[in-house]
Amino acid sequence: GYTNDAGDYFTTLFCIAVGLWRWQFDEARALAKERDTSGHSHYGQFWKKNLFLVPAGLFYFAALNTLSRAAILMITMLAVVFFLHTFVVFLARIDKVKRVKRGALSLLILGLIAGASAIFMPENMQKEMDTLDTYSVLDRVTGKTEHHVTVANQLWADYRIFGCGGWGYKHLSYTKMEEKEYRRFVGKGSANVHNDLLQFLVEHGVVGVS
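Predicted model, so just to flag it, every value in this text is computed and none were measured. (Residues numbered from 1 in each chain as written. Predicted model: local features only at pLDDT ≥ 70, side-chain atom pairs only at ≥ 80, totals over all residues. Heavy atoms only, no water.)

A. Fine view of the overall build of the protein. Broken down by element type, the protein carries 11 helices and 0 strands. When the helices and strands of the protein are read in sequence order from the N terminus, they spell out α-α-α-α-α-α-α-α-α-α-α. With 210 residues in all, the protein has 27% of them scored as buried. Expressed as a percentage of contacts within the protein between residues at least 6 apart in sequence, the contacts between residues at least 24 apart total 68%. Entry remark: accessible area of the protein is about 14300 Å², with carbon and sulfur atoms responsible for 64%. (Helix = DSSP H or I, 4+ residues; strand = E, 2+ residues; numbered from the N terminus. Buried < 20%, exposed > 50% of the residue type's maximum accessible area, 1.4 Å probe, protein only. Contact = heavy atoms within 4.5 Å. Areas by Shrake-Rupley, 256 points an atom, 1.4 Å probe, with all protein chains shown as cover.)

B. A look at the packing of helix α3 (residues 53-65) against helix α4 (residues 69-91). For the pair α3 and α4, interaxial distance at closest approach is 8 Å and the crossing angle is 155 degrees. As summarised for this structure, α3 and α4 are arranged roughly antiparallel, according to the angle between their axes. Every pair of crossing elements has a handedness; the one defined by α3 and α4 is left-handed. Residues F59, Y60, A63 and L64 of α3 lie in contact with α4, whose contacting residues are A71, I72, I75, T76 and A79. (Axes fitted to C-alpha atoms, helices over the stretch in contact; angles between N-to-C directions. Parallel < 35°, antiparallel > 145°, perpendicular 65-115°, else oblique. Left-handed = near helix turned anticlockwise from the far one by under 90°.)

C. The arrangement of the side chain of Q199 in detail. Within the fold, Q199 resides in helix α11 (residues 196-209). A residue is classified by how much of its surface remains accessible, and Q199, at 12% relative accessible area, is buried. Leave out the neighbours within four places in its chain, and Q199 touches A191, N192, V193 and H194.

D. Inspection of the confidence of the model for the protein at higher detail. Summary statistics for the protein give a mean pLDDT of 81 and a share of 84% for residues scoring 70 or more. Taking the mean pLDDT of every element in the protein, the minimum, 65, falls on helix α7 (residues 134-142) and the maximum, 92, on α3. Per-residue pLDDT stays below 50 along residues 39-43; that stretch engages in 9 contacts with residues further than four places along the chain or on separate chains. (pLDDT = per-residue confidence, 0-100.)

E. View of unusual backbone geometry. Even without glycine at this site, L67 takes up a positive phi of about 65 degrees. Overall, the relative accessible area of 24% leaves L67 in the partly exposed class. At W167, a residue that is not glycine, the phi angle is positive and equals roughly 65 degrees. With respect to the secondary-structure elements, W167 resides in the loop between α8 (147-156) and α9 (168-172).

Below is the structure:
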């Protein structure tokens, strides 16, 4: 299927797996505390607390393997956010001496993973990442200078109430382009505005969006 569909799918599953891991970890930890207070010394097995890290890891690498640049950026940012949140929450639960030691160890492990990822990144993935820079990312996120956004606004002006129909943008967008614009912008992915709200407005109008 479409690369970004696969990237979105695995990124969503990654988020769910991480959420389930945090829930399972806290549940196992609470159960272990209950056992400790009732005279049992067993603190809970490692896999009972961390089993969901396995699918989380698989989904992470699956998202990277789609070679969707949006998915690579999104899932990496999410992984960093999840790590920092977990890092802060877990460290707040332990005493100061252990906090410094475990904090330093965690940061070292994160640094090693990041370094290894950069050094051993597959060539096809590196090729995709090399096409990204700060300006292009901000441009795609805001859509400020995205040509398809301009074309979509012009097309919507003709079909404001009911839109031009499903997949209508794909077939009618060229009517709002000069020949040189058509040669430059029409190609793989040009069936989409790359802005969901505008795509719905163009194809289904105000009535459809409402």
